[in-house]
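Examination of the molecular architecture
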Amino acid sequence: MKLYSWGANSHGQLGQNVVSEACCTPTEISISNLDPSNISSIVGGGGHTLVLDRAGKTYSCGWNNKGQVGVAEHEVTTFRPVESLPNKIIQLACGWDSSLAVAADGSLLVWGSNSYSQLALPKQKFSCLNSPKHVPSAKVKRASLGLRHLALVAEDGKVFVCGSGSKGQLGLVDSNGHPFPEICTLTEVSQLSNIIDISCGQHHCIALSDVGKIFVWGDNRFGQLGLDSTVQPVVYEPQELSLSALTGVKGDPSSVYAGWTHSVLLTDKGEVVNWGRNTYGQLSNNGRRRAVSWNPTLLSIDERIKQIAVGSEHNIILTETGSIMSWGWNEHGNCGVGTQENVLEPTLIQAGLQNKANLIGTGACHSFAILDIGSDTLEL
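Residues numbered from 1 in each chain as written. Predicted model: local features only at pLDDT ≥ 70, side-chain atom pairs only at ≥ 80, totals over all residues. Heavy atoms only, no water.

**A few points about the nonpolar core**
Counting 30 residues, the largest nonpolar core has Ile 89, Leu 100, Leu 108 and Val 110 as its most contacted members. Of all elements in the fold, only β4 (48-53), β7 (89-94), β8 (98-103), β9 (108-113), β10 (128-135), β11 (140-145), β12 (149-154) and β13 (159-164) reach the threshold of two or more residues within this core. Here Ile 89 is in contact with Leu 52, Gly 56, Thr 58, Ala 101, Val 102, Ala 103 and Leu 109, once residues within four sequence places are set aside. (Core = buried A, V, L, I, M, F, W, Y, C linked by side-chain atoms within 4.5 Å. Buried < 20%, exposed > 50% of the residue type's maximum accessible area, 1.4 Å probe, protein only. Helix = DSSP H or I, 4+ residues; strand = E, 2+ residues; numbered from the N terminus. Contact = heavy atoms within 4.5 Å.)

This is the structure we're talking about:
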């Protein structure tokens, strides 16, 4: 198997050992002492990337001005192991310039920028962390970072948040119904229970319960909550999003994803539903201009989707047959189609690579894929 990266590389976040504004086609890279077949996930922030292997070890590269890469160097253009993390990490997440890890025992570790207390620590004492630090919390099942906030799901399905809340992204209000501008410790969102998945956008959150209910809160200027933005430009507390009017969807919600200003739902039948901002084509137009972008809509794709990775304003999907398609913002070649023009429809990535893919990942405006070189060939 081989690992490829493309998109923005202004801080070396592609791991190519060079710095560039754009890499428009997938380029092979390697990580010292790591076989790509052992990689379990790839996530990225504004200018950095984290890779997790199947043994629970973490590797990182990219912009490190706030310590978000978790190694000593200021800027790292090839992947290095994050030695200060435990050997058994099960999940990684990136904000713009911050990072987190969930260990196998359910503990939470954080590093990088804490300018808005998004690392669940007082910013006056910890403005940034150059290496991972354990944060006391309930046992964590899932965690996500937005631009300036953090949300996690505990083992018992409860949700805890911290960081900036000025746009309602924490889902918490004071006794007068006003959002807390900032919270420096993990605080429970009491209205939520039995949550199994959560994702933070730039200034919003989306959560999924164990019975398939969707909850949204935060900024809704672009309809990223799936609600009419002219009626509800912001939602300060979690609100259930009804999907009863959706047509053509056969499966039940299985996971949720938040871009900067758009949201995505994947069903257990491999279907994609999305809503929110569509300025760069990040929703896809399904062959026509989408009249109401805030309205959750089933994306028309012929193949069943195995995995989706959502960047700040672009998307990558991996189909069951091993094809990779992309669409959305493409200023830095984020979509990997060989140009820097926005991609308005799901488009097959064709870069002279003739092998099936089995894993994808994204950062804010960069992307990754692992190709099975020994498989039957097909165009990527």
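**Structural notes on the environment of Tyr 59**
Tracing the backbone through its elements, the reader meets Tyr 59 in strand β5 (residues 58-63). In the structure, Tyr 59 is positioned 44 residues away from Ala 103 in sequence and 15 Å away in space, judged by C-alpha atoms. Ignoring sequence-local partners within four residues, the contact set of Tyr 59 consists of Ile 31, Ser 32, Asn 33, Leu 34, Thr 49, Leu 50, Val 51, Asp 53, Phe 79, Arg 80, Pro 81 and Val 82. Polar side-chain contacts of Tyr 59 include one of 3.5 Å to the side chain of Asp 53. (Polar contact = N/O pair within 3.5 Å; in protein donor to acceptor, adjacent residues only side chain to side chain.)

**Some points on the pattern of salt bridges**
Under the criterion given, the structure shown has 7 salt bridges. In this structure, Glu 73 and Arg 80 form a salt bridge, with 2.7 Å as the shortest nitrogen-oxygen distance. The salt bridge partner of Arg 304 is Glu 320, with a shortest N-O separation of 3.4 Å. Of this pair, Arg 304 sits in the loop between β22 (297-298) and β23 (305-310) while Glu 320 sits in the loop between β24 (314-319) and β25 (324-328), placing them 16 residues apart in sequence. With relative accessibility at 37%, the residue Arg 304 sits in the partly exposed group. (Salt bridge = Lys/Arg side-chain N within 4 Å of Asp/Glu carboxyl O.)

**Structural notes on the sheet that holds β13**
Taken together, the 4 strands give an open sheet; going across it, the order is β11-β12-β13-β14, and neighbouring strands pair in antiparallel fashion. Here the strands that pair on one side only, and so sit at the sheet edges, are β11 and β14 (182-188). Across the sheet, the mean angle from the axis of one strand to that of its neighbour is 10°, orientation sign disregarded. Direction of pairing for β11 relative to β12: antiparallel, over a ladder of 5 bridges. For Ala 143, the partnering residue across the bridge sits in β12 and is Leu 152. (Pairing = 2+ DSSP bridges. Axes fitted to C-alpha atoms, helices over the stretch in contact; angles between N-to-C directions.)

**What to know about the pairing of strand β20 (residues 262-267)**
Most of β20 is tucked away, with 6 of its 6 residues classed as buried. Across the two faces of β20 the burial is the same, with His 262, Val 264 and Leu 266 and Ser 263, Leu 265 and Thr 267 all buried. Pairing analysis gives 5 bridges linking strand β19 (residues 253-258) to β20, with the strands arranged antiparallel. Counterpart to Ala 258 in the pairing with β20 is Ser 263. A loop of 3 residues connects β19 with β20, the two strands running antiparallel in sequence. Where β20 meets strand β21 (residues 272-276), 5 bridges bridge the pair, whose relative direction is antiparallel. Following the sheet pairing, His 262 is matched in β21 by Gly 276.

**Some remarks on the UniProt feature "repeat: RCC" (unreviewed entry) in the protein**
Within this numbering scheme, the UniProt entry marks residues 1-55, 56-105, 106-156, 157-211, 212-269, 270-321 and 322-373 as carrying the feature "repeat: RCC" (unreviewed entry). End-to-end, the C-alpha atoms of residues 212-269 are 14 Å apart, and along that stretch the chain is 0% helix and 45% strand. (UniProt positions renumbered as here; feature names shortened; annotations may be inferred.)

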